[in-house]
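Inside the fold
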Amino acid sequence: MTSNAGETLDAATPFPEIIEAVKKAGGQANRFCFQCGKCDVVCPWNRVRNFSIRRVVREASLGLSEIELDEVWRCTTCGTCPSTCPRGVGQIEVGVAIRRIATSYDVFPGAARSVPAVGANLALEGNPLGQPRGERDAWAKGLGVKPFAEGMELLYFVGCYGSYDPRMQKVAVATVKILQRAGVDFGILGSDESCCGESIRKTGHEAVFRTLAKHNIKAFVDRGVKRILVSSPHCYHAFKNEYPELMVHFEVVHVAELLAELVATGRLALRRAPPQKVTYHDPCYLGRHNGIYDQPRRVLGTIPGLALVEMPDHHAGSLCCGGGGRIWMDTPKGERFADLRLAQARAVGADVLVTSCPYCISNFEESRLGLEEGDAPEVKDLTELVAAALDEAEAP
Ligand code: SF4
Ligand code: SF4
């Protein structure tokens, strides 16, 4: 086969650079793989089709990866298999190392065909959706949201989906309403905010990630930002765990943590929600990758009228929605993890499937399409339920 870069690629030819890239990304851990197969057992792909991350890791460690195959792009980076591997193999790091090689050859097979356009959108406009940078804060018009200035309590980093996606803009509006009601002094970056870069990095676009990160870091430093509020667990992960690689450390708080803090300190009073059964979906990058499980449940527990029920896969065992490192790739019906999750929510009798991540919301809303009215629970972000409970509190 021939790459877009015009070089001839022979699938049978080992890629010595993959061995080097994998070593660099995951150290020597993959040498310790004793082929137990536990990673394949827990991988959500094997609930919908065959996929072996064990094989991907094994082939990479031998320099035998076939970068023209879809398998290289299948991992959502959900974090389930690394947390169960008895030998500490970094499956995600290995997968990203292979994608870096594929990206350097411009090889994007199957569902990954959409990735280069996303990379170009990010490089040009600072968001994956290709929307104009100058319209990044159009959602906030008329809400009284100020530009961030030094000395403010919080920078609200809205994120790309909250800024441009009509469904997620509702979450940004709900967040603003909550912050204003709690008397939090906050501001936004507006058109100077760029994508955090976390998800494009997982596609192997390291240079795009670094450009975005540097832009954001400069914006934070220039304005004297100390504490950053995020709606997306992916922004959280980038600021907390990846930007420090660039020698900066900012305090980052996910909205689920802030809500728990505001409720605990009496700055927010939540009461009189309509009686509803809700279930909470742990986003991979909030739960497994960053250990935040209790705060969202505590917040839900403070809204009288809500009854929280757990689905079969919860906390560290949460079922990935199918987003993460695959958020911009189409997955055919019948292979979508989000469909399984909605079925689980329905099976436990939930009226509302609550979560705290724009990717999860997008995937769940997509899965709701085509289902009969009353057959699928509503899908809500935690902030939307809290904002609604503020309205209830105001009722006579
Ligand atoms: S769980 Fe770890 S040791 Fe077992 S096959 Fe997978 S990578 Fe290898
Ligand atoms: S990180 Fe998740 S999606 Fe990726 S291989 Fe492991 S279990 Fe499967």
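Within each chain, residues carry numbers counting from 1 in the order of the written sequence. Ligands are numbered from 1 and chains lettered from A, in the order in which they are written. Thresholds applied to this predicted model are a pLDDT of at least 70 for local features of residues and 80 or more for the giving and counting of side-chain atom pairs; totals over whole chains, interfaces and linings are not thresholded and use all residues.

1. Side note on the site of ligand 1
Lining the immediate environment of ligand 1, one finds 13 residues, of which Cys 33, Cys 36, Cys 39, Cys 85 and Val 89 sit closest. Residue assignment for the shell around ligand 1 shows that the elements contributing at least two residues are α2 (38–42) and α3 (53–61). Its residues placed into classes, the shell around ligand 1 shows eight nonpolar, two polar and three charged. Nearness rests on one distance test: the residue's C-beta atom, set from the backbone, must lie within 6 Å of the molecule or strand. A run of H or I in DSSP counts as a helix once it spans at least four residues, and a run of E counts as a strand once it spans at least two, with each numbered from the N terminus. Residue polarity is assigned by list, with Asp, Glu, Lys and Arg as charged and Ala, Val, Leu, Ile, Met, Phe, Trp, Tyr, Cys and Pro as nonpolar; anything else, Gly included, falls into the polar class.

2. Here we look at the domain arrangement of the protein
Domain boundaries shown here were taken from an automatic or database domain assignment. Along its sequence, the protein is organised into domain 1 (16–107), domain 2 (113–262) and domain 3 (269–394). On a C-alpha basis, the centroid separation for the pair domain 1 and domain 2 is 29 Å. Residue composition of the side of domain 1 that touches domain 2, grouped by class: two nonpolar, two polar and two charged.

3. Observations regarding the site of ligand 2
Close contacts around ligand 2 come from 15 residues, with Cys 43, Ile 53, Cys 75, Cys 78 and Cys 81 the closest. Partitioned by chemical class, the residues of the shell around ligand 2 number 10 nonpolar, five polar and no charged.

4. Some details on the pairing of strand β4 (residues 227–230)
Sheet topology note: the strand β2 (residues 154–157)/β4 ladder contains three bridges and is parallel. By the bridge assignment, Leu 155 is partnered in β4 with Ile 228. Here the rule is simple: two strands pair whenever DSSP picks up at least two bridges between them. Inspection of the sheet shows β4 paired to strand β5 (residues 251–254) by four bridges, in the parallel sense. Across the sheet, Arg 227 pairs through a bridge with Glu 251, a residue of β5. With strands facing away from the observer, any crossover in which the path from the first strand over the helix to the second runs clockwise is taken as right-handed. As a crossover connection, the stretch from β4 through helix α10 (residues 233–242) into β5 is right-handed.

5. Considerations on unusual backbone geometry
Notably, Gln 35 is not glycine yet its phi reads approximately 60°, a positive angle. Mapping Gln 35 onto the fold places it in the loop between α1 (16–26) and α2. Unlike most non-glycine residues, His 315 shows phi in positive territory, near 50°. One can find His 315 in the loop between β7 (306–309) and α13 (337–347).

6. Describing the sheet that holds strand β9 (residues 378–381)
In spatial order, the strands read β7-β6-β8-β9; together these four strands make up an open sheet with parallel pairing. Edge positions in the sheet fall to β7 and β9, since each of these pairs with one other strand and no more. Going from strand to strand, the sheet's axes swing by 35° on average, the running direction of each strand aside. Examined bridge by bridge, strand β6 (residues 276–280) and β7 share four bridges and lie parallel to one another. By the bridge assignment for β7, Thr 279 is matched with Val 309. Fitted lines through C-alpha atoms give the axes, limited to the stretch in contact for helices. The angle between two N-to-C directions lies from 0 to 180 degrees.

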